[in-house]
Amino acid sequence: MKLINSSLAALLLLATSASCHTIFQKLHVNGVDQGHTVGIRVPNYNGPIENVDSNDIICNGGINPYRQPVSKTVIQAPSGAEITAEWHHDLNGATGQSSDPVDPSHKGPMLAYLARVPDATQEDVTGLKWFKIYHDGLNTATGEWAVDKLIKNKGKLTFKLPTCIPAGQYLLRVEMIALHAAGNYPGAQFYMECAQLNIVGGGNASPATVSFPGAYKGTDPGVRINIYQGLSGYTIPGPSVFTCGASEGPGTTPAPEPTSTTTTSTPPTTTDAPTGPTVPQWGV
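Residues numbered from 1 in each chain as written. Predicted model: local features only at pLDDT ≥ 70, side-chain atom pairs only at ≥ 80, totals over all residues. Heavy atoms only, no water.

J.: How should the state of the cysteines be read in this particular structure?
T.: Here, the word disulfide means a covalent bond between the sulfur atoms of two cysteines. One pass over the full model with this rule turns up 2 disulfides. Here Cys59 engages in a disulfide with Cys194; their sulfurs sit 2.0 Å apart. When the S-S torsion is -80 degrees, as for the bridge of Cys59 with Cys194, the disulfide is left-handed. Of this pair, Cys59 sits in helix H2 (residues 56-59) while Cys194 sits in strand S12 (residues 189-200), and the two are 135 residues apart along the sequence. Here Cys59 and Cys194 have matching classes, each one buried. Between Cys164 and Cys244 runs a disulfide, and the two sulfur atoms are separated by 2.0 Å. (Disulfide = S-S within 2.5 Å. Helix = DSSP H or I, 4+ residues; strand = E, 2+ residues; numbered from the N terminus. Buried < 20%, exposed > 50% of the residue type's maximum accessible area, 1.4 Å probe, protein only.)

Printed below as a string of structure tokens:
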């Protein structure tokens with residue numbers, strides 16, 4: 001009976017939250033709001049990606065076409081800056097409704113990646129090399145997921161850029177993975193958008209990288225999982241979080257809240273990137 005009730009609960013959650021999706025649509029740099037949808041490739045539709053082998057999992061924009069015209073702004077950010085990614089149910093921004101920023105049934109982790117690029121406004125995002133700069137999953141002591149924290153914070157997720165990575169242009173990929181229907185694959189829902197950054201300052205670190213698609217597999221324990229069975233732990237998909245070493249630049253990046261992860265052995269990327277157009281200066 002307990003198994004039946006658990007399965008029924010999962011089906012009910014899936015049925016009632018089928019349209020309770022979300023979009024990363026605003027960036028704050030050191031507390032300064034950069035503007036609604038400014039410098040971010042946002043889709044008109046807030047639906048998820050479920051196929052981890054699809055190019056749509058890179059920056060969205062495939063089955064969920066980008067709103068036109070796509071922003072050509074490149075957001076200025078100093079190395080080590082505090083970044084806040086703001087999420088809401090749709091492109092209307094904060095609504096105060098129970099499904100904003102996302103329905104509470106959408107339990108799961110939050111993640112952020114960077115990829116160095118020659119031009120942050122380039123259309124093609126295939127073949128890029130990504131390194132993870134943040135993740136947060138499940139607090140097994142309290143049962144609180146990273147998405148629960150996002151909801152408490154009214155759609156805002158805050159993390160820091162590494163201080164030791166080279167200056168230049170980057171794409172910032174911020175991601176939510178909703179696991180309410182992840183008992184089978186496909187089932188996990190991936191929500192991600194990419195912001196366009198020009199990072200100023202920094203160091204000479206060369207982080208190990210992964211590719212999208214490729215970083216996740218449908219069989220990963222953090223992708224295919226029944227979250228209703230009572231979990232003793234959760235393995236966040238993708239590589240470990242990159243942190244700066246003592247010899248890699250002017251400072252170090254604080255480690256995230258401890259959570260078990262997988263690791264990567266992909267060779268580092270060393271492509272140089274020029275600077276580009278800017279938006280108003282960041283805060284201090």
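J.: Looking at this structure, how should I read the sheet that holds strand S1 (residues 23-29)?
T.: Two orientations exist for strands paired in a sheet by backbone hydrogen bonds: parallel and antiparallel. The strand order across the open sheet formed by 4 strands is S2-S1-S5-S10, and the pairing between neighbours is antiparallel. Looking at which strands have only one partner, the edges of the open sheet turn out to be strand S2 (32-36) and strand S10 (156-160). Looking at each pair of strands side by side, their axes are set apart by 25 degrees on average, direction ignored. Strand direction decides the pairing type here: S1 and S2, joined by 3 bridges, are antiparallel. Residue pairing across strands places Val29 opposite Val32, the latter belonging to S2. (Pairing = 2+ DSSP bridges. Axes fitted to C-alpha atoms, helices over the stretch in contact; angles between N-to-C directions.)

J.: Quick question: what am I supposed to make of the side chain of Glu193 here?
T.: You can see Glu193 is positioned in strand S12. Looking at Glu193, its side chain comes within polar contact range of the main-chain nitrogen of Phe24, at 2.8 Å. Ignoring anything within four residues of it in the chain, the contact list for Glu193 reads Ile23, Phe24, Ile40, Arg41, Val42, Pro43, Cys59, Asn60, Trp87, Leu172, Arg173 and Val174. (Polar contact = N/O pair within 3.5 Å; in protein donor to acceptor, adjacent residues only side chain to side chain. Contact = heavy atoms within 4.5 Å.)

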